[in-house]
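Chain by chain, the residues run as shown.
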Amino acid sequence: MSSLQNPSPIQPFDTFVIREIDFSDLRSALRLGLRDFVRKPFLSMLFGAIMAVFGLIFVAGLLVYDQIWMVVPAGVGFPLVAPFLAAGLYEMSRRYQREQSFRWRDIFAIIFKQQRREFGWMAFVMLFVFWVWIYQVRLLLALFLQWTSFSSLEGLYLIITTTANGMLFLGIGTVVGGILATVLFAITVISMPLLLDQEIDFVSAMILSVKATTTNPSVLLGWGLFVAVLTFLATIPFFLGLVVILPVLGHATWHLYKRVIGRTSD
């Protein structure tokens, strides 16, 4: 706590090293993430519940204000901002590793203090990419489905899956969305827990995250695909699966980060 009240100097970029990992590290990270989850399941699930409730409110608002076209891209893109909401889970796993006791208010105090650190800039980057995703969907809708109106989710689904323009929209949107998701994953998979754990500027953290991804492309991109699919499935129905899935993945991501990033002094 005192280190956050009197922040340490920003650590130089070259004090960190990137390790090579394999798929056995993913299995170990998942196992340790599940272990962390069951140690304080109700506190862990609280973070998943917050995201689930926020997702429900977000989608309900789109329906109320007749923005049917945004429901699908919002549902797909919403998990992109999950790493920011997982900050509390990272902090819990960090304290478990250090064998430090804590209460729920200690974790929320750490989350609140991130706004005064580099972590907040990464949140801005993630939200910016999310809005780019939303607006590229809007552009593709204008290009391919400009004469179509949507009165319900069922109508939107039928138009996208049964018309030529709808299939083009779906195909191109999937490719563009996949590129954006890959870029966002590469710059955040390591940087988010790193920023919580160490005093480092967010640009250096992003660079280290990208280097970690390029050093371990099959392992980390495989992890990203696994997380994306599992998180998307957890949003059906009504985001309820996020209550459990998000905490387990959040804890596991912390342990994966600890396996990838080391210090030159270690």
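Notes on the structure in this doc start here. (Residues numbered from 1 in each chain as written. Predicted model: local features only at pLDDT ≥ 70, side-chain atom pairs only at ≥ 80, totals over all residues. Heavy atoms only, no water.)

This part covers the overall build of the chain. Helix and strand counts for the chain come out as 14 helices and two strands. Evaluated residue by residue, the chain yields a buried proportion of 48% over its 266 residues. On the chain, roughly 13,600 Å² of surface is accessible, and the fraction owed to carbon and sulfur atoms is 68%. (Helix = DSSP H or I, 4+ residues; strand = E, 2+ residues; numbered from the N terminus. Buried < 20%, exposed > 50% of the residue type's maximum accessible area, 1.4 Å probe, protein only. Areas by Shrake-Rupley, 256 points an atom, 1.4 Å probe, with all protein chains shown as cover.)

Moving on, we come to the environment of T215. Examined against the element boundaries, T215 turns out to sit in helix 12 (residues 202-215). For the pair formed by T215 and I21, sequence separation is 194 residues and the distance between their alpha carbons is 8.9 Å. Setting aside residues no more than four positions away along its own chain, T215 makes contact with I18 and E20. Here the side chain of T215 touches K211 through a polar contact of 2.7 Å, landing on its backbone oxygen. (Contact = heavy atoms within 4.5 Å. Polar contact = N/O pair within 3.5 Å; in protein donor to acceptor, adjacent residues only side chain to side chain.)

On inspection of all chains with the given rule, the structure shows seven aromatic pairs. Each ring, one from W121 and one from F202, has its centre 5.8 Å from the other, and the planes form 15°; the classification is stacked. Separated by 81 residues along the polypeptide, W121 in helix 8 (residues 119-144) and F202 in helix 12 bring together distant segments of the chain. Among the aromatic residues, those joined into a cluster by ring pairs are F47, W104 and F108. (Phe/Tyr/Trp six-rings, centres within 6.5 Å; stacked < 30°, edge-to-face > 60°.)

Quick look at the pattern of salt bridges now. Applying the stated criterion to the full structure yields seven salt bridges. A salt bridge links D25 to R259, with the shortest nitrogen-to-oxygen separation between them at 2.8 Å. With D25 in helix 2 (residues 23-39) and R259 in helix 14 (residues 242-260), this pair connects stretches of sequence that are 234 residues apart. Linking D197 and R98 is a salt bridge whose minimum nitrogen-to-oxygen distance equals 3.6 Å. Of this pair, D197 sits in helix 11 (residues 191-197) while R98 sits in the loop between helix 6 (87-97) and helix 7 (104-113); the two residues are 99 residues apart in sequence, bridging distant segments of the chain. Judged by relative accessible area, D197 falls into the buried class, the value being 10%. R98 sits in the partly exposed class, given a relative accessible area of 48%. One salt-bridge network, in which partners are shared between bridges, spans E91, R94, R95, R98, D197 and K258. (Salt bridge = Lys/Arg side-chain N within 4 Å of Asp/Glu carboxyl O.)

Moving on, we come to the side chain of D36. Looking at where D36 falls in the secondary structure, it is placed in helix 2. By relative accessible area, which is 0% here, D36 ends up buried. Within the structure, the side chain of D36 is placed 3.4 Å from the side chain of R35, a separation counted as a polar contact. With sequence-adjacent residues up to four places away left out, D36 is seen in contact with S44, S93, Y96, H251 and H255.

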